[in-house]
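Each chain, written out:
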Amino acid sequence: MKSSLILGILAHVDAGKTTLSEALLYVGGARRTLGRVDHGDACLDTHQLERARGITIFSKQARLETATREITLVDTPGHVDFSAEAERTLGVLDCAVLVISGTDSVQAHTLTLWRLLERYRVPTFLFVSKMDLAGADRGRVLGDLQRQLSPGCVDFSASPEEIAENAALLDEALLENYLETGTVTPGNLRGLIARRRLFPCCFGSGLRLDGVADFLAVLDRFAPEQTYGEAFAARVYKISRDPQGSRLTWLKVTGGSLKVRSAICYVNPKGEQKEEKALQLRLYTADKFTAPEEIFAGQTAAVTGLSETFAGQALGAEPNPLAPALEPVMTYRVNLPQGADPATVMPKLRQLEEEDPQLHLLWENGQIHVQMMGKVQLEIFRSLVSQRFGLDIQLDDRRIFYKETILDTVEGVGHFEPLRHYAECHLLLEPLPRGRGMEFATVCPTDVLDAGYQRLILTHLEEKVHRGVLTGAPITDMKITLLVGKAHLKHTEGGDFRQATYRAVRQGLMQAKSQLLEPWYDFALTLPTEQVGRAITDIRTMGGEFDPPETQGGLSTLRGQVPAAEVRDYADTVAAYTQGRGRLQLSLHGYAPCHNQQAVVEALGYDPCADLDNTPDSVFCAHGAGFTVKWDRVKEYMHLESGLKQARPPQLLSRNLALDEKELEKIMEREFGPVKTILYRPVTQPATEEVTIRPPKDRYIIVDGYNIIFAWEDLARTAKSDLDAARRQLCDALASYAGFTKTRLVVVFDGYKQKGNPGEKSRFHNIQVVYTREGETADAYIEALADTIGPSFAVRVATSDALVQLSSFRSGVLRMSARELREDVDRAREEMKEHFLK
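Okay, so let's go over this structure. (Residues numbered from 1 in each chain as written. Predicted model: local features only at pLDDT ≥ 70, side-chain atom pairs only at ≥ 80, totals over all residues. Heavy atoms only, no water.)

**Quick word on the pattern of salt bridges**
Put simply, the rule reads: Salt bridge criterion: a side-chain nitrogen from Lys or Arg within 4 Å of a carboxyl oxygen from Asp or Glu. Strands here are runs of E lasting at least two residues and helices are runs of H or I lasting at least four, both read from the DSSP assignment and numbered beginning at the N terminus. Only protein chains enter the accessibility calculation, which uses a 1.4 Å probe. A residue is then buried if its area is under 20% of the maximum for its type, exposed if over 50%, and partly exposed in between.
Under the definition given, this model contains 45 salt bridges. For the salt bridge of glutamate 308 with lysine 274, the shortest nitrogen-to-oxygen distance reads 3.1 Å. Of this pair, glutamate 308 sits in the loop between strand 16 (300–304) and strand 17 (314–316) while lysine 274 sits in strand 12 (residues 273–277), and the two are 34 residues apart along the sequence. Taking relative accessible area as the criterion, lysine 274 reaches 22% and is therefore assigned partly exposed. Three or more residues joined by partner-sharing salt bridges are found here, namely Arg241, Arg247, Glu354, Glu355 and Arg388.

**Some points on the side chain of glutamine 454**
The test is simple: Here a polar contact is recorded for every N or O atom pair within 3.5 Å, except that within protein the pair must consist of a potential hydrogen donor and a potential acceptor, and residues adjacent in sequence are included only if both atoms are side-chain atoms. We call two residues contacting when some pair of their heavy atoms lies within 4.5 Å.
One can find glutamine 454 in helix 12 (residues 451–463). At 3.4 Å, the side chain of glutamine 454 and the backbone oxygen of proline 445 are in polar contact. When residues no more than four places from it in sequence are discounted, the contact partners of glutamine 454 are Thr442, Cys444, Pro445, Thr446, Leu449 and Leu482.

**Structural notes on the pairing of strand 18 (residues 330–335)**
For clarity, the cut-off: Two strands make a pair as long as DSSP finds a minimum of two bridges between them.
With 5 bridges connecting them, strand 18 and strand 20 (residues 367–372) associate as antiparallel partners. Within strand 20, the position partnered with valine 334 by the bridge is isoleucine 368. Both strand 18 and strand 21 (residues 394–400) contribute to a ladder of 5 bridges, which runs antiparallel. Within the sheet, the bridge partner assigned to methionine 330 lies in strand 21 and is isoleucine 400.

**Points about the packing of aromatic side chains**
Test applied: Aromatic pairing here means that ring centres of Phe, Tyr or Trp (its six-membered ring) are within 6.5 Å. Orientation follows from the plane angle: under 30 degrees is stacked, over 60 is edge-to-face, and everything else is tilted. Definition used: whenever NZ (Lys) or CZ (Arg) falls within 6 Å of the ring centre and also within 35 degrees of the ring normal, the charge is taken to sit over that ring.
Under the criterion given, the structure shown has 11 aromatic pairs. With a centroid separation of 5.9 Å and 70° between ring planes, the pair formed by phenylalanine 627 and tyrosine 637 is classed as edge-to-face. One end of the pair, phenylalanine 627, is in strand 33 (residues 625–629); the other, tyrosine 637, is in helix 18 (residues 634–637), with 10 residues separating them in the sequence. The partly exposed category is assigned to phenylalanine 627, whose relative accessible area is 30%. Linked through ring pairs, Trp250, Tyr284 and Phe289 together constitute an aromatic cluster. The residue whose ring lies beneath lysine 238 is tryptophan 250, and the NZ or CZ to ring-centre distance is 5.0 Å. Geometry around tryptophan 712 places arginine 822 over its ring, the cationic atom sitting 4.6 Å from the centre.

**Looking at the sheet that holds strand 5 (residues 124–129)**
Inclusion rule: Note on definitions: angles span 0 to 180 degrees between N-to-C directions of axes, and those axes are lines fitted to C-alpha atoms, for helices only across the stretch in contact.
Taken in spatial order, the 7 strands make up an open sheet running 2-3-1-4-5-7-6, and their pairing is mixed. The open sheet has two free edges, formed respectively by strand 2 (60–65) and strand 6 (153–155), since each of these has just one partner strand. Taken over all neighbouring pairs, the strand axes of this sheet differ in orientation by 25° on average, direction set aside. Bridge analysis of strand 2 against strand 3 (residues 69–75) gives 6 bridges, and the strand direction is antiparallel. Paired with lysine 60 across the two strands is aspartate 75, which belongs to strand 3. Helix-sheet contacts for helix 4 (residues 108–119) involve strand 1 (3–11), strand 4 (95–101), strand 5 and strand 7 (199–203), and the interaxial angle to strand 4 is about 165°.

**Some details on the nonpolar core**
Short version of the rule: Residues enter a nonpolar core if they are buried and are Ala, Val, Leu, Ile, Met, Phe, Trp, Tyr or Cys, with the set joined through side-chain atoms within 4.5 Å.
Core analysis: the largest hydrophobic core is formed by 80 residues, its most contacted members being Leu145, Phe381 and Leu525. Dropping the residues within four chain positions of it, leucine 525 is found in contact with Ala535, Ser556, Thr557, Leu558, Tyr570, Val574, Tyr577, Arg583 and Leu584. Ranked by size, the runner-up nonpolar core spans 40 residues in total, among them Leu64, Ala167, Leu170 and Leu174.

**Thoughts on the packing of helix 22 (residues 723–741) against helix 25 (residues 818–837)**
For the record, the criterion: Crossing handedness is read from the near helix: turned anticlockwise from the far helix by less than a right angle, it gives a left-handed crossing, and turned clockwise, a right-handed one. Think of it as three bins: nonpolar holds Ala, Val, Leu, Ile, Met, Phe, Trp, Tyr, Cys and Pro, charged holds Asp, Glu, Lys and Arg, and polar takes everything else, Gly as well.
With their axes 10 Å apart at the nearest point, helix 22 and helix 25 run at an angle of 65° to one another. Note on packing geometry: the crossing formed by helix 22 with helix 25 is left-handed. Two secondary-structure elements touch here, helix 22 through Ala733, Leu734, Ser736, Tyr737, Phe740 and Thr741 and helix 25 through Leu821, Asp824, Val825, Ala828, Arg829, Glu831 and Met832. Looking at the contact of helix 22 with helix 25 residue by residue, the class counts come to 8 nonpolar, 2 polar and 3 charged.

**Description of the environment of glycine 256**
Examined against the element boundaries, glycine 256 turns out to sit in the loop between strand 9 (247–255) and strand 10 (257–259). Residues glycine 256 and phenylalanine 296 lie 40 residues apart in sequence; the distance between their C-alpha atoms is 6.4 Å. If we ignore the near neighbours within four places in the chain, the residues touching glycine 256 are Gly229, Glu230, Ala231, Phe232, Phe296 and Ala297.

**Focus on the packing of helix 14 (residues 532–541) against helix 16 (residues 570–577)**
The criterion, for reference: For this classification, under 35 degrees means roughly parallel, over 145 means roughly antiparallel, 65 to 115 means roughly perpendicular, and everything else is oblique.
Two elements in contact, helix 14 and helix 16, have axes whose closest approach is 12 Å; the angle formed by their N-to-C orientations is 160°. By the angle between their axes, helix 14 is roughly antiparallel relative to helix 16. Crossing angle aside, the handedness with which helix 14 passes helix 16 is right-handed. Mapping the contact onto sequence places Arg534, Ala535 and Asp538 in helix 14 and Tyr570, Thr573 and Tyr577 in helix 16. Class assignment of the residues belonging to the contact of helix 14 with helix 16 gives a composition of 3 nonpolar, 1 polar and 2 charged.

**Focus on the side chain of lysine 403**
The topology assignment puts lysine 403 in strand 22 (residues 403–406). Residue class for lysine 403 comes out buried when judged on its relative accessible area of 11%. Beyond its immediate chain neighbours, meaning those up to four positions away, lysine 403 contacts Glu327, Ala473, Pro474, Thr476, Gln515, Leu516, Leu517 and Tyr591.

Printed below as a string of structure tokens:
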């Protein structure tokens, strides 16, 4: 059985990529005639827009066979505006062919494609086309490839001995073996190609079929073999629709097989689980297909019946793919024809966004905006909307798509506590190296915040595009780590942590030092040498950077980077002042610091505090009602201590509380106002007044019942099935403890949610049990009781609730945590056993 090979063809525009694809199909016997782009009969350019413009816009595939392979040939767009379409196919390729023009050599977009191939670790062959034209120089091009792409670019049209020697120089182990044996096997070469150490180069002309058969033989012999698992796995790389409007999910099976009517489980873009059947499998060659009953690992196919899949999706056992590296840099407003309703048109345009994920649609103030790569994609978008939906749209209000990042590390705090809701989280915001995107993590202990709530916070972080505070642009290159968080056993509802999380991110961004990022292009500007001075002046005026000019013959080439915001229609300007002899080539370099940040920020006039959809403020609760606290005062009201641990020399304040005195004073003033301090002066002479020594105050412990139940693991397990039994067990343990330690003890249970509950106070053996009335929380009752008995008793409040712990300080009482109470109860039980035995 022949092995499958998914082979992608990539190139910069006009390098001869589609011509080579047609030649491979013809030489491989898949076509009887040789299609030509200029004649409009290319097999793979089937769309009328492609034939009208003479460029590839949509990736297409065709099948051919060699002596040992079944090759699926994937032809991708070469124009920079459609680079995202080419990138989507890289994840499913077994190897790639990078086509280089023999007359133009390495171009700016060639370098972009090379970086993408490196990112996706795709083994790559190179074919230098147009070698039949004047100006094509094999030695010069091979030198450029080795210098600008990789030293591993080796001419495979040379003798076997020369190929073996050049290949051996790329690997130390292979070189040692070559020096001993004098041979390099085909398996050695395949291994180097698979590891992207060796890049076979062939030369020829697709139009004249020169070197095409030899190149196909090289592919057949040296393309790496793939291995696949037995469990079903697949990767979606494209969504499209056939002429009848049926939705097609293009995927590569990377494990097991897929049969017609098989059920496929997946998660849709909303995060919902879906299960649908593959109604039909299609193996395409251009716009024609066959419909097999089953496809196997290593094959690509279009599948009908899947309604909510998306490009880049992993199915079955397939691991999640890399996020796309290319993204749109321009935003335009969509002006609809008279009488068209934007709300009705938006779902139609979503079909095009689904088919091209880099075509981002935005809804802003009742208007549709679209993000795209450039001018050519804009024109194609207009044509597609007209053909598919009969709408003649116009695009204006061109804007650069900015991003933001941070330059320092901060802690963001978000608190959401309207009446009967509660959530607080602390997030660490850290800058990442350029190009890393967003990363999320947690270091919060599960005994501080339950793992389920932590997963919920991470989900909320990932589901939202977080906006910066300079211009409202999306945040990138930042890591967000959950430090600590707090939920309430009874008050926390489903959306509370979403609100707290969003507010924590925004509050952190308001504190951080932000930086505006803008897209930059790599450019290659070729023009007559006498006009280089004009070009250098223009690039400097744009704020660009460039290397010294490269001169060859009467032409010079400038290479460098330039802000996308400044380029605009400079290609037309070049053509005008060089009288058509100059050429500007652009490819997306990535995002870098904005060259005129202050001017952009002032021009956009964004007010982060007025953005109610991304508020940095928090909501706290007092006297039965929620109130808003501005972002710069949130840390004065937060209930948890900062998650940023700072080393302090601990000082024992009391038996149960170890805090720095200054820190305690700050907490007291923040929560309860100025603290009155009694000053004691040293006595330097005998006291003349009689001193009365008072006996120590009786001990009194107030226990937050439900808080202790759910903090003690054994009681928490009991409470899941029988809450009343958990209450009895707690009261039994506390009654024994109170009797042995001669401590007055009251247990308070929360009953404020029970309709018509008048409240109840009763005795359980030697302790008092209180059930609060409807509308009264246990927190409020404990605080009031502590205020009342604090002056007369040595009171401690037993709870792990930070709100009660802090409020207990108001009356001068001490707190003890649930863990400390458990230790005291267990210690008393052991002492009772010893006493009984004696």
